[in-house]
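Commentary on secondary and tertiary structure
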Amino acid sequence: MLKPVAKWLSRDRATPARDAGEAIDQGITELPYYPTHIWIEPTNCCNFRCVGCPLSYGHNKNYGYGYMDMDVYQKVIDEASTFMEGEWISLHFLGESLVHPKLPEMVRYATDRGLRVGFNTNGSYMTEEKFLSLLDSGVGKIVVSLNELEAEAYEANQVGGDFEQICGAIRMMDRVRVEVGARVDLRINTLVRSDEEAKGKRGRLEEMFGTGWKLMFHRYHEWGGSVPFRHGAEDVTKACTFAYSALVVMWNGQVLPCTRDGERSLTIGDTRTESLLGIWNGTRAQELRRKHLELDAGALPESCKNCSMIRPDSVSWVAGE
């Protein structure tokens with residue numbers, strides 16, 4: 001996969017870093033490029049309690065549950081559109097985005113400002129009417145999570161879900177996409193524990209839904225220590241690229257540097273009172289990057305210390321499309 005081409009904040013350096021890898025190699029904490037991806041959480045409410053999700057382990061108690069206010073959302077999009085035109089934003093984090101009653105409106109607001117929009121969903125709230133509304137809003141990508149491919153296993157893994165209902169929603173989306181000639185990118189994401197499991201599930205998914213869906217396979221991971229999956233190595237061998245590439249805006253407007261912070265403990269700013277770019281190169285963000293550059297687990301926050309992203313076995317992508 002090609003790396004996204006970072007857009008420049010400045011060209012003050014003779015050979016400015018263009019992405020996370022170059023910035024880490026140069027040992028810098030103030031970045032001369034813009035964030036390459038932004039996640040926005042419409043809500044942290046979810047009707048499922050899935051194996052492998054921090055919401056299933058009580059890691060939301062300090063933040064409560066809520067829906068992103070449209071004024072906050074519009075402020076974030078208005079700023080993001082000034083430096084991410086034509087780039088992707090993801091309208092999800094830990095909650096089920098379709099629970100937000102204004103999700104199609106949120107998609108439309110972003111696409112009208114030149115952003116490409118996708119989101120992940122468990123599929124349980126996806127009706128034909130809602131799907132058509134999202135297509136009309138210009139959604140570019142929808143990823144449905146389907147971790148197990150038999151009813152009993154699925155309903156034990158994605159607790160609260162109805163396997164036949166979700167399969168029906170997946171088939172409906174594929175049918176409607178063809179009927180209306182939509183160019184939306186539809187994907188199924190499945191969590192696995194090995195390459196072998198991914199290969200077996202690929203064949204089964206194609207039997208169930210045909211070849212119209214792109215298939216994604218990721219390993220279960222520990223969400224920065226907030227769920228009981230563990231990496232196999234203790235040594236820190238690399239700085240985390242998330243701190244050098246991403247921003248995550250939670251439903252309440254606060255910002256994280258990483259999608260793996262299941263405990264939401266790494267707050268680096270608040271969009272209600274600060275700008276995205278002020279947060280991106282703010283004091284807290286730069287201090288976190290500095291700690292990562294030291295490659296010292298003892299100096300890192302707990303969520304980083306317990307994460308596989310800074311260790312040699314941190315491959316979460318298992319099998320490509």
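Residues numbered from 1 in each chain as written. Predicted model: local features only at pLDDT ≥ 70, side-chain atom pairs only at ≥ 80, totals over all residues. Heavy atoms only, no water.

As for its placement among the helices and strands, Glu79 is situated in helix 2 (residues 70-80). Nearest to the buried, unbridged Glu79 among oppositely charged side chains is Lys75, at 4.8 Å. Those residues in contact with Glu79 that lie beyond four places of it in its chain are Ser275, Leu276 and Leu277. (Helix = DSSP H or I, 4+ residues; strand = E, 2+ residues; numbered from the N terminus. Buried < 20%, exposed > 50% of the residue type's maximum accessible area, 1.4 Å probe, protein only. Lys, Arg positive; Asp, Glu negative; His and termini not counted. Salt bridge = Lys/Arg side-chain N within 4 Å of Asp/Glu carboxyl O. Contact = heavy atoms within 4.5 Å.)

Compared with an ideal rise of 1.5 Å per residue, which puts 18 residues at 26 Å, helix 6 (residues 163-180) spans 26 Å between its outermost C-alpha atoms and is within 8% of the ideal. Residues of helix 6 that are buried include every one of Phe163, Ile166, Cys167, Ala169, Ile170, Met172, Met173, Asp174, Val176 and Arg177, and no others. Tucked inside the fold, the buried residues of helix 6 contact helix 4 (128-137), strand 5 (141-145), helix 5 (151-157), strand 7 (185-192) and helix 7 (195-209). The residue sitting at the N-terminus of helix 6 and contributing the capping side-chain oxygen is Asp162; that oxygen lies 3.1 Å from the backbone nitrogen of Glu164. Following helix 6 by one or two positions, Gly181 adopts a phi angle in the positive range, close to 70°. (Expected span 1.5 Å × (residues − 1). Polar contact = N/O pair within 3.5 Å; in protein donor to acceptor, adjacent residues only side chain to side chain.)

The alternating pattern of strand 9 (residues 246-249) places Ala246 and Val248 and Leu247 and Val249 on opposite faces, both of which are buried. Examined bridge by bridge, strand 1 (residues 37-40) and strand 9 share four bridges and lie parallel to one another. Its bridge partner lying in strand 9, Trp39 is registered against Val248. Here strand 9 runs beside strand 10 (residues 254-256); their pairing, made up of two bridges, is antiparallel. Note that in strand 10 the partner of Val248 across the bridge is Leu256. Between strand 9 and strand 10, which follow one another and run antiparallel, lie four residues, and Gly253 among them has a positive phi close to 95°. (Pairing = 2+ DSSP bridges.)

Time to look at the environment of Gly298. When you line up the elements, Gly298 lands in the loop between helix 9 (283-293) and helix 10 (302-305). On the accessibility criterion, Gly298 (61% relative accessible area) is exposed. Put simply, Gly298 and Val236 are 62 residues apart on the chain and 9.9 Å apart in space, counted from C-alpha to C-alpha.

This part covers the nonpolar core. If you look at the biggest cluster of nonpolar residues, it comprises 92 residues, and the most contacted ones within it are Ile38, Ile40, Tyr73, Ile89, Leu91, Phe131 and Leu146. The element best represented in this core is helix 6, accounting for seven residues. If sequence neighbours within four positions are ignored, Ile40 has contacts with Met68, Tyr73, Val76, Ile77, Ile89, Ser90, Leu91, His92 and Val249. (Core = buried A, V, L, I, M, F, W, Y, C linked by side-chain atoms within 4.5 Å.)

The next point concerns the pairing of strand 1. Neither face of strand 1 is exposed, since His37 and Trp39 on one face and Ile38 and Ile40 on the opposite face are all buried. As paired strands, strand 1 and strand 3 (residues 88-90) are joined by two bridges and run parallel to one another. In the sheet register, Ile38 faces strand 3, and the bridge partner there is Ile89.

Bringing unusual backbone geometry into the picture now. Positioned with a positive phi, Arg264 is a non-glycine residue whose angle comes to about 55°. For Arg264, a relative accessible area of 1% translates into the label buried. Even without glycine at this site, Leu295 takes up a positive phi of about 55°. Accessibility expressed as a relative area gives 37% for Leu295, which makes it partly exposed.

Tracing the backbone shows Ser81 in the loop between helix 2 and strand 3. Residue Ser81 is classed as buried on the basis of its relative accessible area, which comes to 16%. A polar contact of 2.9 Å, which involves the side chain of Ser81, links it to the backbone oxygen of Asp78.

A few words now on the environment of Leu132. The residue Leu132 is located in helix 4 in this model. The exposure class assigned to Leu132 is partly exposed, which follows from its relative accessible area of 36%. Sequence separation between Leu132 and Met173 is 41 residues, and the spatial gap between their C-alpha atoms is 9.0 Å. Setting aside residues up to four positions removed in sequence, Leu132 forms contacts with Val176 and Val180.

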